[in-house]
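# Analysis of the macromolecular model
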Amino acid sequence: MIGILVVAFSALLGGLVQAVTGFGGAIIILIFLPLLLSMNAAPALSDVITMILSFSMFWRYRESVSYNDMQNAALIGFIGQFIGYYIAEKKGIDADQPRHLSQAIVIQ
């Protein structure tokens with residue numbers, strides 16, 4: 001029972017931060033979840049909670065969403081992803097090591 005209350009409390013605080021700032025809900029949630037779950041399971045549950053929070057905000061304000069802007073942002077992100085893969089391939093960077101990818105692009 002205490003575990004459910006901790007998860008609910010962390011989701012409430014994370015939702016509040018997410019609604020006010022637009023980001024950071026997962027950070028707040030991950031303060032409390034590792035007290036109950038392993039470090040492998042806590043981020044997964046945090047992702048599920050923040051996706052539900054984000055979808056509920058989207059659903060509430062769906063009439064005012066500019067789908068053209070979303071399409072443009074998604075297209076730019078998609079193109080940027082392929083440019084990043086192309087640069088990584090040309091420089092011989094292992095793309096399976098993403099924490100070193102940005103450093104390797106600058107250094108090489």
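Residues numbered from 1 in each chain as written. Predicted model: local features only at pLDDT ≥ 70, side-chain atom pairs only at ≥ 80, totals over all residues. Heavy atoms only, no water.

The protein chain carries the name Probable membrane transporter protein in an unreviewed UniProt entry, which gives Lacrimispora sphenoides JCM 1415 as its organism.

Okay, the overall build of the protein chain next. Of regular secondary structure, the protein chain possesses five helices and zero strands. Listing every helix and strand of the protein chain by position from the N terminus yields α-α-α-α-α. When contacts within the protein chain are restricted to residue pairs at least 6 apart in sequence, those whose partners lie at least 24 apart make up 29%. (Helix = DSSP H or I, 4+ residues; strand = E, 2+ residues; numbered from the N terminus. Contact = heavy atoms within 4.5 Å.)

What the rule picks out here adds up to one salt bridge. With a shortest N-O distance of 3.7 Å, Glu63 and Arg62 are connected by a salt bridge. A relative accessible area of 63% places Glu63 in the exposed class. Taking the relative accessible area as the measure of exposure, Arg62 reaches 31% and is therefore partly exposed. (Salt bridge = Lys/Arg side-chain N within 4 Å of Asp/Glu carboxyl O. Buried < 20%, exposed > 50% of the residue type's maximum accessible area, 1.4 Å probe, protein only.)

Grouped together as the largest cluster of nonpolar side chains are five residues: Ala11, Ile29, Leu33, Ala42 and Ile49. Other than its neighbours up to four places away in sequence, Leu33 contacts Val7, Ser10, Ala42, Leu45 and Ser46. (Core = buried A, V, L, I, M, F, W, Y, C linked by side-chain atoms within 4.5 Å.)

The next thing to look at is a nonpolar patch on the surface. Taken together, the side chains of Met1, Ile2 and Leu5 define a hydrophobic patch exposed on the protein surface, amounting to about 380 Å² of accessible area. Within the secondary structure, Ile2 is located in helix H1 (residues 2-21). (Patch = residues over 30% accessible without salt bridge, like charges linked within 9 Å, V, L, I, M, F, W, Y side chains within 5 Å. Areas by Shrake-Rupley, 256 points an atom, 1.4 Å probe, with all protein chains shown as cover.)

Before going further, it helps to spend a moment on helix H4 (residues 67-90). The end-to-end C-alpha separation of H4 is 35 Å, in line with the 34 Å expected for 24 residues at 1.5 Å each. Gly92 lies just past H4 and shows a positive phi near 70°. (Expected span 1.5 Å × (residues − 1).)

Right, let's talk about the packing of H1 against helix H3 (residues 41-60) for a bit. It is at 10 Å that the axes of H1 and H3 come closest, and there the two elements cross at 50°. In this view, H1 runs oblique relative to H3, as classed from their interaxial angle. In this structure, H1 crosses over H3, and the sense of that crossing is right-handed. Counting all contacts with H1, which are made through Val7, Ala11, Gly14, Gly15, Gln18 and Ala19, the residues of H3 involved are Leu45, Ile49, Leu53, Ser54 and Met57. Of the residues in the contact of H1 with H3, the class split is seven nonpolar, four polar and no charged. (Axes fitted to C-alpha atoms, helices over the stretch in contact; angles between N-to-C directions. Parallel < 35°, antiparallel > 145°, perpendicular 65-115°, else oblique. Left-handed = near helix turned anticlockwise from the far one by under 90°. Nonpolar A, V, L, I, M, F, W, Y, C, P; charged D, E, K, R; others polar.)

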